[in-house]
Amino acid sequence: MACIDLAHWIGWLRDQSLPLWAEAGYDPASGSFVESLGMDGAPQQAVPRRVMVQARQIHAFATAAENGWCPAGAEMVLRAGDAMIAHYALSDGNDGWAFSCNQHGGIVDDRRDLYAQAFVLLALAALIRFDPQPRYVALVTRTLGFLDRAMAHPSGGYAENWPSPILPRRQNPHMHLLEALLALQETGHCGDLGPRITALITLFDQRFFSPADSVLTEFYDTDLAPKNPERRFEPGHHFEWDWLMVRATALIDLPTDASARRLLHSGLRGIDHNGHVAKEMGPDGPTSLSRRLWCSMEAVKALSLPSGQIDQPQGVAKVLTAAWQDFIAPALPGGWLDLVDNGGSPLVDAIPARSLYHICTALHF
């Protein structure tokens, strides 16, 4: 297959994907984004809409507007931001953001999920970039205050869920909280978030990353003891952390973190000679018989960094080409197959909105 380069992906995103999600993927009656599309492109209106998806779509369209891929993106971001605030922001004496709403904006699930709170903060950063209103900054302050007051955990980091704690605890929500804090710091409107950023990187160094085998553990018990006897890891999350560490080092003048290089080297074990990215790896090779779109997009981000280009000069081109073949070419124009088996056959019956975040972020260089 001919090489599918970055320009080809951006052309598809601009001309096919963003128009699809701005029309079929957006519900003007409620001002919110649908959770998913059918494989025929029809919006799945009845599926509850998670605040995480609203926030990720706001971030995606903000990225698209900033890059000139979607001229109407800025207006959509602000409209969707107002709807997210109106439907999901809670003021029940505890604050935080509800997990999901129905298509009319009624709350379906009011639990506070750490992963979702992190993405709301990322969306607020996008809103502040377009319009630094005091109310957006106040919502950042209120959300961070809620996390500190209600979800901070005595063993470090934050609980997965509030008000009912759940296990296992995960590194993943903390990773996205770091992403959000970096984006908020970059706005210059939210005070000095350097101490919070440093605290999360310290948590990574002390709890999440094992220097013995350069593996990022995904799951933990209540005290953040790793639950990973098989030493499995997800290359996609290695690539995400590497990308964030490099950003953090540049933004708040941290010393160069050797862990980032080790993360990248471990993650590269998950890319085969054709550019396919494994969903999960073990000490002896891939442990999963399927591949996911987001893993490839995170590989693109890491391989686009100077360190990634040194390690694999042709890596971005190979991953983009393999991902196009696996996830884009067989799908509805503008859509994708989010999950395929190792032979490329689809393992899904819908197109999830959440993947647009990974695509837009990967192409934003």
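Let me begin by describing the structure that accompanies this report. Only a predicted model underlies this, so the values are computations on that prediction, with no experimental measurement involved.

Regarding the packing of aromatic side chains
Both the distance between ring centres and the angle between the ring planes are used here to describe each pair of aromatic rings. The tally for this structure, following the rule as stated, stands at 14 aromatic pairs. Considering the side-chain rings of Trp-21 and Trp-336, the 5.4 Å spacing of their centres and the 20° angle between planes classify their relative orientation as stacked. Of the two residues, Trp-21 sits in helix α1 (residues 6-23) while Trp-336 sits in the loop between α12 (315-328) and β16 (339-341), which places them 315 residues apart along the sequence. Neither Trp-21 nor Trp-336 differs from the other in exposure class; each is buried. Grouped by ring-pair contacts, the aromatic residues Trp-9, Trp-12, Trp-21, Trp-324 and Trp-336 constitute a single cluster. Over the ring of Phe-119 we find Arg-56, and its NZ or CZ is 4.8 Å from the ring centre. Sitting over the face of the ring of Phe-99, Arg-111 holds its NZ or CZ atom 3.9 Å from the ring centroid.

Let's talk about α1
Relative to the 26 Å expected for 18 residues at 1.5 Å per residue, α1 spans 24 Å between its end C-alpha atoms, a close match to the ideal helical length. Roughly 45° is the biggest bend found in α1, and it falls at Leu-13. Residues Trp-9, Ile-10, Gly-11, Trp-12, Leu-13, Ser-17, Leu-18, Leu-20 and Trp-21 constitute the buried set of α1. The N-cap of α1, judged by a side-chain oxygen 3.3 Å from the amide nitrogen of Ala-7 a few residues on, is Asp-5.

Observations regarding the pattern of salt bridges
In total, this model carries 20 salt bridges according to the counting rule given. Note that Arg-135 is salt-bridged to Asp-82, the shortest N-O span being 2.4 Å. Of this pair, Arg-135 sits in helix α5 (residues 134-151) while Asp-82 sits in helix α3 (residues 73-88), and the two are 53 residues apart along the sequence. Judged by its relative accessible area of 37%, Arg-135 is partly exposed.

Concerning the packing of α1 against α12
Relative to each other, α1 and α12 sit at 35°, their axes nearing to 10 Å. The two elements α1 and α12 meet at a crossing, and its hand is left-handed. Each of Leu-6, His-8, Trp-9 and Trp-12 in α1 lies in contact with α12, whose residues at this interface are Leu-320, Ala-323, Trp-324 and Ile-328. When the residues that make up the contact of α1 with α12 are grouped by side-chain class, the tally is seven nonpolar, one polar and no charged.

So, the environment of Ile-197
Within the secondary structure, Ile-197 is located in helix α7 (residues 194-208). A C-alpha to C-alpha distance of 8.5 Å links Ile-197 and Ile-252, two positions 55 residues apart in sequence. Leaving out residues up to four positions away in the same chain, Ile-197 has contacts with Leu-178, Leu-181, Leu-182, Gln-185, Ala-248 and Ile-252.

Thresholds applied
Residues numbered from 1 in each chain as written. Predicted model: local features only at pLDDT ≥ 70, side-chain atom pairs only at ≥ 80, totals over all residues. Heavy atoms only, no water. Phe/Tyr/Trp six-rings, centres within 6.5 Å; stacked < 30°, edge-to-face > 60°. Helix = DSSP H or I, 4+ residues; strand = E, 2+ residues; numbered from the N terminus. Buried < 20%, exposed > 50% of the residue type's maximum accessible area, 1.4 Å probe, protein only. Lys NZ or Arg CZ within 6 Å of the ring centre and 35° of its normal. Expected span 1.5 Å × (residues − 1). Bend = angle between axes of the 7 residues up to and from the residue. Polar contact = N/O pair within 3.5 Å; in protein donor to acceptor, adjacent residues only side chain to side chain. Salt bridge = Lys/Arg side-chain N within 4 Å of Asp/Glu carboxyl O. Axes fitted to C-alpha atoms, helices over the stretch in contact; angles between N-to-C directions. Left-handed = near helix turned anticlockwise from the far one by under 90°. Contact = heavy atoms within 4.5 Å. Nonpolar A, V, L, I, M, F, W, Y, C, P; charged D, E, K, R; others polar.

Honestly, that's just the spatial picture; any functional story needs more than this.
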